[in-house]
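Next come the chains, spelled out residue by residue.
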Amino acid sequence: MGVPLVDLSGWFDGTRRAEVAARVDAALRESGFLLITGHGVPDELRERTRSLSREFFALPAAGKQPYAVRTGGRGWLPPDEQATGRADGAMAPADLKETLAFGSDDPAGGDPFFFRPNVFPAEVPGLEGAVTEYLRRMRALSDELLTIFAVALGEPQTRFTRHTGKASYAFNVNHYPPLRQVGPAAAGQFRIGEHTDFGTVTILDRQHGVGGLQVRGAGGEWEDAPFDPAAFTVNIGDLMARWTSDRWRSTPHRVLPPDASAPDEDLVSLIFFYNTDHDARIVSLDGRYPEVGGGQYLRAKLDAISIG
């Protein structure tokens, strides 16, 4: 299968827009995943956001507990809060992770579930500035990717972004603790269980590890996702696959459990999930799927992965 690398600089400077769009189209048809460079997001911001998040995760459990929330909330999702492998109705153990969750907070978005105030732990005073800037950058990059998607399909450039003027989004900072801390995984347990993403596009800034990201090919085989420290990993979610009448793949993926060969491996991933306006009506390009509400679709998926 392979996960291709696409340099977006030719899109941003206007010299190779058609070429970049064609390469993105090919990647999403074959893999559903791609790596992108030339995205314009400073390495310093990525590193600062990760480092400050680690300061929070290093707090004792009692220090994190005041920020504990359920799926969809803003704050700390403790271990045993989510089982991502249950998204499609299967039974799966809890994910071996903890999460700092942020997201869309503009009350004008219109739905209090998807638009609620972000919570920034007082113990890490620099985190608010870093996360706020990271969210601004991710939203702009997501809209740029949706514009590339429209061009790749031969559609008007605003084909997708006209539905994201008040888009909901989520930003999960996932901490995958080391084996020495969590112990061996239970049967069928992963750092994140097998799933597809739910929305339009996901932008992932990950760290390389033995217990890292795997992507499932069309034939069912699992492959380690390639890693480039300068690149973001990008994939589409179920809603975008539905929107494009399955021209593009919403590809199953998972994050492996900690491995005995790397008992001290301690990883932090920055994951931005972009959706649509909560009241957007999504109609597939060829009418293959019935119309669905963007927010309605997403809420059902989030409910499925929440434990309890």
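Refer to the structure above for everything that follows.
Predicted, not measured: the structure shown is a model, and the values here were computed from it.

**Quick notes on the nonpolar core**
With 57 residues, the main nonpolar core has L141, L145, F149 and F171 as its most contacted residues. The dominant element in this core, judged by the number of residues it contributes, is helix α5 (residues 127–152), at 13 residues. Look past the residues within four positions of L141 in its chain and what remains in contact with it is L8, F12, I36, H39, V41, I203 and F232. Of all hydrophobic cores here, the second largest spans 13 residues; its members include F33, L35, Y176 and V215.

**Looking at the pairing of strand β4 (residues 98–103)**
Among the 6 residues in β4, 6 count as buried, and that is most of the element. A two-sided burial pattern is seen for β4, the buried positions comprising E98, L100 and F102 on one face and T99, A101 and G103 on the other. Inspection of the sheet shows strand β3 (residues 75–77) paired to β4 by 3 bridges, in the antiparallel sense. Residue pairing in the sheet places L77 in a bridge with T99 of β4.

**Observations concerning the pattern of salt bridges**
Considering all chains together, one arrives at 21 salt bridges under this definition. In this structure, E133 and R136 form a salt bridge, with 2.8 Å as the shortest nitrogen-oxygen distance. Note that E133 and R136 are positioned in helix α5 at a spacing of 3 residues, about one turn of the helix. One salt bridge in this structure joins R159 and E155, with 3.4 Å as the shortest N-O distance. Looking at E155, the relative accessible area reads 28%, which means it is partly exposed.

**Regarding the sheet that holds strand β9 (residues 222–224)**
Ordered by their spatial adjacency, 4 strands build an open sheet running β6-β11-β8-β9, and the pairing between neighbours is antiparallel. Either end of the sheet is taken by a strand with one partner, and the two such strands are β6 (192–195) and β9. Strand-to-strand, the axes of this sheet are offset by a mean angle of 20°, without reference to chain direction. Relative to strand β11 (residues 253–255), β6 runs antiparallel, the two sharing 2 bridges. The partner of I192 across the bridge, within β11, is V255.

Parameters at a glance
- Residues numbered from 1 in each chain as written.
- Predicted model: local features only at pLDDT ≥ 70, side-chain atom pairs only at ≥ 80, totals over all residues.
- Heavy atoms only, no water.
- Core = buried A, V, L, I, M, F, W, Y, C linked by side-chain atoms within 4.5 Å.
- Buried < 20%, exposed > 50% of the residue type's maximum accessible area, 1.4 Å probe, protein only.
- Helix = DSSP H or I, 4+ residues; strand = E, 2+ residues; numbered from the N terminus.
- Contact = heavy atoms within 4.5 Å.
- Pairing = 2+ DSSP bridges.
- Salt bridge = Lys/Arg side-chain N within 4 Å of Asp/Glu carboxyl O.
- Axes fitted to C-alpha atoms, helices over the stretch in contact; angles between N-to-C directions.

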